[in-house]
Amino acid sequence: MLRAIGVAEGLGEPPPDRIVVRWDKAWDLYAPEHPGDLPAGVEPGALPLATWFWEAMGHVAGRLSVDGPEQVWCWCPLMTPAGRNLVIRLASFWSTEIQAVGAGGALVGPNLWQPPLAHVLVDQVMGPADPPAWHPRGSGERQHFLMPWLGVGRAFFRVEVLGSGGASARLHSHSAVDEYYLVLEGRGTLRMEDQAVPVGPGNLVAKPTGPDVTSQILADQGEEVRLLDMEIWPSADRGSKDLVTYSDHQEILLRGGGWSALFPVGALLSPADLGPHYQSGYQRHADGTWSPAEVPGATARPAVPVRASADDRSAARRPQPPGSGLVETRFGAMAVRRHQAGAGLPIVFLHGLGSAGRVFDRQRPWFTDRELLAPDLLGFGGSDRPTDGDYSPAGQAAAVVDMLNALDVVRCDLVGHSMGGTVALALQALFPSRVARLVVAEPNLVSGGGLISRRALDLSEQEYVRLGLHTVFAEMRPGPAARPMEVHYWDTLADADPRAMHRASLQLVHLDLDGEALVRGAVGFLAGAESHDGSLAVARAAGVPVAIIDGAGHDMFSDNPDGTGRALKDWLGASGPGE
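Let me sum up the structure you'll find in this document. Starting afresh in each chain, residues are numbered from 1 along the sequence in its written order. Note on the predicted model: pLDDT of at least 70 is required for a residue's local features to be given, and 80 or more for side-chain atom pairs to be given and counted; whole-chain, interface and lining totals, by contrast, use all residues. No hydrogens and no water enter the side-chain calculation; it runs on all heavy atoms of the structure.

This paragraph deals with the overall build of the chain. A count of helices and strands for the chain gives 15 helices and 24 strands. Here the chain, with 579 residues, has 50% of them falling under the buried criterion. Here, residues are in contact when the closest pair of their heavy atoms is within 4.5 Å. Of the contacts formed within the chain by residues at least 6 apart in sequence, a portion of 68% connects residues at least 24 apart. Computed with the Shrake-Rupley method and a 1.4 Å probe, the accessible areas treat only the protein chains shown as cover for residues. Of the accessible surface of the chain, which amounts to about 25400 Å², a share of 55% is contributed by carbon and sulfur atoms. Each helix is a run of DSSP H or I of at least 4 residues and each strand a run of E of at least 2, with the numbering of both proceeding from the N terminus. To sort residues, take the accessible area from a 1.4 Å probe on protein chains only and compare it with the maximum for the residue type: under 20% means buried, over 50% means exposed, and anything in between is partly exposed.

Read from one edge of the open sheet, five strands run 2-3-1-4-5, paired in mixed fashion. The open sheet has two edge strands, strand 2 (20–22) and strand 5 (107–108), and neither has a second partner. Only when DSSP finds a minimum of two bridges between them are two strands counted as paired. Where strand 4 (residues 98–101) meets strand 5, two bridges bridge the pair, whose relative direction is antiparallel. Looking at the pairing, Val101 lines up with Leu107 of strand 5. Contacts from helix 3 (residues 81–91) reach strand 1 (4–9), strand 3 (71–76) and strand 4, with the element oriented near 165 degrees to strand 1. The angle between two axes is taken between their N-to-C directions and runs from 0 to 180 degrees, where each axis is a line fitted to C-alpha atoms and a helix contributes only its stretch in contact.

It is worth spelling out the pairing of strand 20 (residues 372–375) at this point. On a regular strand, each side chain points to the face opposite its neighbour's, so the side chains alternate between the two faces of the sheet. Residues Leu372 and Ala374 of strand 20 are buried on one face, and the alternating residues Leu373 and Pro375, pointing to the opposite face, are buried as well. In this structure, strand 18 (residues 332–339) lies alongside strand 20, joined through four bridges in antiparallel fashion. Paired with Arg338 across the bridge in strand 20 is Leu373. Sheet analysis places strand 19 (residues 347–350) next to strand 20, joined by two bridges and oriented parallel. Note that in strand 20 the partner of Val348 across the bridge is Leu373.

In terms of nonpolar packing, the biggest core is built from 91 residues, with Trp23, Trp52 and Phe53 touching the most fellow members. Look past the residues within four positions of Trp23 in its chain and what remains in contact with it is Leu49, Trp52, Phe53, Cys74, Trp75, Cys76, Pro77, Leu86, Val87 and Leu90. Buried Ala, Val, Leu, Ile, Met, Phe, Trp, Tyr and Cys residues that are joined via side-chain atoms within 4.5 Å together make up what is termed a nonpolar core. In this structure, Ile347, Phe349, Leu372 and Trp571 belong to the second largest nonpolar core, which totals 21 residues.

The next subject is the packing of aromatic side chains. Under the pairing criterion, centres of Phe, Tyr and Trp rings, with the six-membered ring standing for Trp, must be within 6.5 Å; the plane angle then separates stacked pairs below 30 degrees from edge-to-face pairs above 60, leaving the rest tilted. Counting across every chain of the model gives eight aromatic pairs. Residues Trp23 and Trp27 carry aromatic rings whose centres are separated by 5.2 Å and whose planes lie at 45 degrees to one another, so their mutual orientation is tilted. One end of the pair, Trp23, and the other, Trp27, are both in helix 1 (residues 23–30), four residues apart, so they sit about a helical turn from each other. The pair formed by Trp23 and Trp27 is uniform in burial state, with each residue classed as buried. Geometrically, the ring pair formed by Trp23 and Phe53 is tilted, given 5.2 Å between the ring centres and 35 degrees between the ring planes. Here Phe53 lies in helix 2 (residues 42–61) and Trp23 lies in helix 1, a separation of 30 residues in the sequence. According to the relative accessible area criterion, Trp23 is buried, its value standing at 0%. Look at Phe53 and you get buried, because its relative accessible area is 0%.

Okay, the pairing of strand 4 next. In this structure, strand 1 lies alongside strand 4, joined through three bridges in parallel fashion. Bridge pairing in strand 4 places Val7 opposite Ala100. In this antiparallel pair of consecutive strands, strand 4 and strand 5, the connection spans five residues, and Gly105 shows a positive phi of 95 degrees.

Moving on: the sheet that holds strand 18. An order of 17-18-20-19-21-22-23-24 is seen for the eight strands of this open sheet, with the pairing classed as mixed. Strands at the two margins of the open sheet, each flanked by one partner only, are strand 17 (324–329) and strand 24 (546–549). On average, each strand axis in the sheet is tilted by 25 degrees relative to the strand beside it, whichever way the strands run. Here strand 17 pairs with strand 18 via six bridges, running antiparallel. Looking at the pairing, Gly325 lines up with Val336 of strand 18.

Another point: the packing of helix 1 against helix 6 (residues 419–430). Two elements in contact, helix 1 and helix 6, have axes whose closest approach is 8 Å; the angle formed by their N-to-C orientations is 145 degrees. Touching Lys25, Ala26, Leu29 and Tyr30 of helix 1 are Ala426, Ala429 and Leu430, all from helix 6.

It is worth spelling out unusual backbone geometry at this point. Phi is positive for Ser418, which is not a glycine, with a value near 55 degrees. Here Ser418 lies in the loop between strand 21 (412–417) and helix 6. Residue classification places Ser418 among the buried positions, given a relative accessible area of 13%.

So, about the pattern of salt bridges. Note that side chains of opposite charge can pair when their charged atoms are close. Take a side-chain nitrogen of Lys or Arg and a carboxyl oxygen of Asp or Glu: if they are within 4 Å of each other, that pair is a salt bridge. Within the structure shown, the criterion is met by 11 salt bridges. A salt bridge links Arg22 to Asp24; the nearest nitrogen and oxygen atoms lie 2.7 Å apart. With relative accessibility at 11%, the residue Arg22 sits in the buried group. For Asp361, the salt bridge is made with Arg337, and the minimal N-O distance between the two is 2.8 Å. With Asp361 in the loop between strand 19 and strand 20 and Arg337 in strand 18, this residue pair connects regions lying 24 residues apart in the sequence. Through salt bridges with shared partners, a single network forms among Glu13, Arg22 and Asp24.

Its place among the elements puts Ala397 in helix 5 (residues 393–406). Between the C-alpha atoms of Ala397 and Val423, which are 26 residues apart in sequence, the distance is 5.5 Å. Leaving out residues up to four positions away in the same chain, Ala397 has contacts with Val423, Ala426 and Leu427.

Working rule for helices: expected span equals 1.5 Å times residues minus one. A rise of 1.5 Å per residue sets the reference length of helix 11 (residues 498–509), with its 12 residues, at 16 Å; its end C-alpha atoms lie 16 Å apart and thus fit the reference within 8%. Here helix 11 lies mainly inside the structure; nine of its 12 residues are buried. Every buried residue belonging to helix 11 is among Pro498, Arg499, Ala500, Met501, His502, Ala504, Ser505, Leu508 and Val509, and all of these are buried. On the buried face of helix 11, the contacting elements are helix 6, helix 7 (451–456), helix 8 (461–467) and helix 10 (484–495). Counted as a polar contact is a pair of N or O atoms within 3.5 Å, where, for protein atoms, one must be capable of donating a hydrogen and the other of accepting one, and residues adjacent in sequence contribute only when both atoms are in side chains. Two to three positions downstream of the cap, the backbone nitrogen of Arg499 sits 3.2 Å from a side-chain oxygen, assigning the N-cap of helix 11 to Asp497.

The next subject is the environment of Asn111. Inspection of the secondary structure puts Asn111 in the loop between strand 5 and strand 6 (145–146). Its relative accessible area of 37% is what places Asn111 among the partly exposed residues. Linking Asn111 and Thr96, residues 15 residues apart in sequence, is a C-alpha distance of 8.3 Å. Residues contacting Asn111, with those up to four places away along its chain left out, are Thr96, Glu97, Ile98 and Gln99. Within polar-contact distance, the side chain of Asn111 engages the side chain of Glu97 at 3.4 Å. A polar side-chain atom of Asn111 sits 3.1 Å from the main-chain amide nitrogen of Trp113.

The following block contains the structure:
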């Protein structure tokens, strides 16, 4: 555990020699309408912030490592009591010493640590001033469902009470879930396959995984048994398919994004139906019967064929372009182009809206001593295109960090163009320890978007999916005299997932962030001499070094790849052609 975590509130920019987690940037990107406050609604507000924080702490401090740094600062804007409570409760997972940071940089005041969860051995609800990090469910007074804020799908805890003579039985077949029972009170018997073992308070039982493997705990010693049922997704792999059969209740539970490759989403129970079904249908009697037998309020759903429509390509694995390889992330597989290898830090290139990683191929001669990584962002090129994907700059940044983790890239130089520049800025703000130097090329820094994103929003998402590219961008279809870059962009635009394209465009047109503050961390800004992008003025106001690329418009990596490479070389210190 960390020795201490400091919470700095409203103190301007942090000093460069501190290990800092930027809550101020996170609120800017995830909840700009609630700066320093706990967003209304857990799903759209608190959980994305919590997921980001858990990732960020893992990168700067190690995964609850005993040899992590001595001190980490949470750098925050001015916060409301609810926002401060969120930061302190999450920080309390990582250290038992939480203190405020004073104006001089010293830790001041009393220890702010709070229990991040209600104690599982005590049946009590926190007061109204202390929003609980768990959600009570079930009809029994002593049965609570506990969800620590580790992020969506990261961990699940449930206190289960077995009356004398009762049992809890499971049939497991997992791909990415660790499951355990912790016996809290009472004594009973564990049956695992043909083995029978006595269990009592403090015994931790690892549930087996694999097809047709069962475990059962029996309250057969004449007393009640109380269990902490724990399920942990170490990587929250959205490609996983997790199946659990509750043998004693004749139930089957499917979890994990991988099931979407087998069943269209419409064939499964809708979120609106899930609540009534869960609340009512799972109330059981001691003899195993259900009450009520039918679930009130569940909506009858028409039969849906188990086949995705022609327009729904989100679950399909895309053909890989030459030179690309798939890298699995929690959010979907990313096609990544890898070139060369060298002793220096890798350079990661992030493409713009409707483009793909191959737009950077002509940068290779300028970086012969470096490894170049050019992923297709999720929803584009050869990468997966999840129907429920987060195509915001922050969501794409999280997927890129997952890609870096999978490739064992701890730190890199980062180059982002257009939408990819905004993703790069989000990545540096949320995961600053991963980025050594950042160069952006006409990123989206102000709301309103660009020509492509605004035009994509001429139709609703449903209309764009149905009519798509050939209706919205018909005049852009390249003719016989088209330049190679125009043909390239048309090809990548035509291959982009329509849902990802529309949702990413919506994010860019309605961008709500402090672009000047974000871009201030870049070491360089590229602009086309023939472009009229409004982000250039923002970069100059922030004092970022600017290079104007002659003979280039917004698509400078295609219009003048050598001029662009020469400017990048000056900032990233790589050797180029003829040197």
